[in-house]
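As a plain string of letters, each chain reads:
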Amino acid sequence: METITSEQPTVTAPDADAPPSMDEPVVPRRSPLRAAIKTGRPQEWIKNVFVFAGLLFSGKFDQSHEVVEALLTFVAFCFISSAGYYVNDLVDVELDRKHPKKRFRPLAARELSESTAKAIAPGLAALAIAIAFATVNWEVGLMVVGYGIAQVAYSLGLKQIVIVDVMTLAGLFILRVAAGASAVDAHASEWLLLCTGMFALFLGVTKRRQEAVSELHEGTSSRPVLEHYSLPFLDQMVAMVTTGTVISYSIYAVNSPIIGNQMMWTIPPVLYCIFRYLYLIYDRADDRSTAAIVAEDRPLIAGVGVFALVAFLLLYAFN
């Protein structure tokens, strides 16, 4: 179907540059060090910026001590999330080897041995917990531990339970925000936590839809839970969580604890970012990861930048 825009689909045409047959062995392309870094998925660390929500919305962004505490919390969550990716890839290694894209992950491609991965994962987790407890505070430390436990539970079974899988992911985002607020001794508004959870559900459900469409086209089955998600059901979930995200953030913006309803000026860029993301998922059939879309799509980056700028000006320049 043609569109009135000049943008081109971001996915490869079915008949162009098709991936090698899964019957062909994967030739190792990375050194062990690069493979270890790749397995930790540093590109996904962008999701951990949610720990800065408490710092930004509490009006403490201009206090150096709180900035340092938030940065240390961010680092702790980066390490614990990377440990979780190691566990996930260890659990899914055989399924990944049957997937046309995931078979190139370091563990699936045998660029990194499973024994090495089993040694690195607990090391990253221990480092994350040590940073949280020793340099921030015990509350953040407990949240980092809880985050790690939830990740392991997700990899070992929760991700195979329909609906519970995306709700678990939403809980991980809420933990990030709560930990960030605790790090800077700020109160995380109930509405802020609610809109964080709804936004995380939005990302989780749209991701499931991407995966369902991809596996439908490729004829693969690397994520068994997708058997329980039909596209009509996912579309209904996307519509519901999109509405919930917009409404919950709008209510938070009207009742901002710091500047009251002046935060309503941040609603337009939030709406734009949500609609832009939906446009990429539905109209452009974009199958990139959430982190890749956020980091690479220029209009979306601009929308996030406008939101951050407006929020910063309202909270720090005009308040």
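Cut-offs applied
Residues numbered from 1 in each chain as written. Predicted model: local features only at pLDDT ≥ 70, side-chain atom pairs only at ≥ 80, totals over all residues. Heavy atoms only, no water. Helix = DSSP H or I, 4+ residues; strand = E, 2+ residues; numbered from the N terminus. Contact = heavy atoms within 4.5 Å. Areas by Shrake-Rupley, 256 points an atom, 1.4 Å probe, with all protein chains shown as cover. Salt bridge = Lys/Arg side-chain N within 4 Å of Asp/Glu carboxyl O. Buried < 20%, exposed > 50% of the residue type's maximum accessible area, 1.4 Å probe, protein only. Phe/Tyr/Trp six-rings, centres within 6.5 Å; stacked < 30°, edge-to-face > 60°. Lys NZ or Arg CZ within 6 Å of the ring centre and 35° of its normal.

Asker: Teacher, can you tell me more about the overall build of the chain here?
Answerer: What the chain contains, in helices and strands, is 12 helices and 0 strands. For the chain, the α and β elements follow one another from N to C terminus as α-α-α-α-α-α-α-α-α-α-α-α. The contacts in the chain between residues at least 6 apart in sequence include a share of 72% that link residues at least 24 apart. Approximately 15700 Å² of the chain is accessible, and the part contributed by carbon and sulfur atoms is 67%.

Asker: Before we go on, may I ask you to explain the pattern of salt bridges in this structure?
Answerer: Side-chain pairs of opposite charge can arise whenever the charged atoms involved come near each other. Scanning all chains against the criterion turns up 14 salt bridges. Among the ionic pairs, R41 bridges to D89, the shortest N-O distance being 2.8 Å. Placement of the pair is R41 in the loop between α1 (32–39) and α2 (53–57) and D89 in helix α3 (residues 64–91), with a sequence separation of 48 residues. Accessibility expressed as a relative area gives 10% for R41, which makes it buried. Two residues, K47 and E44, come together in a salt bridge whose shortest N-O distance is 3.0 Å.

Asker: I would appreciate a short explanation of the packing of aromatic side chains in the present structure.
Answerer: The geometry of an aromatic ring pair is captured by the separation of the ring centres together with the interplanar angle, meaning the angle of the planes. Enumeration according to the criterion identifies 14 aromatic pairs in this entry. An angle of 35 degrees between the planes, with centres 5.5 Å apart, marks the rings of F52 and F74 as tilted. Of the two residues, F52 is situated in the loop between α1 and α2 and F74 in helix α3; the sequence distance between them amounts to 22 residues. Ring geometry for F199 and F202: centres 6.1 Å apart, planes at 20 degrees, overall stacked. Here F202 and F199 lie together in helix α8 (residues 190–218), a separation of 3 residues that amounts to about one turn. You can call F199 partly exposed: its relative accessible area is 25%. Take F202: its relative accessible area is 1%, and that puts it in the buried class. Taken together through their ring pairs, the aromatic side chains of F50, F173, F199, F202 and Y277 make up a single cluster. Cation over ring: R176 sits above F173, and NZ or CZ is 4.5 Å from the ring centre.

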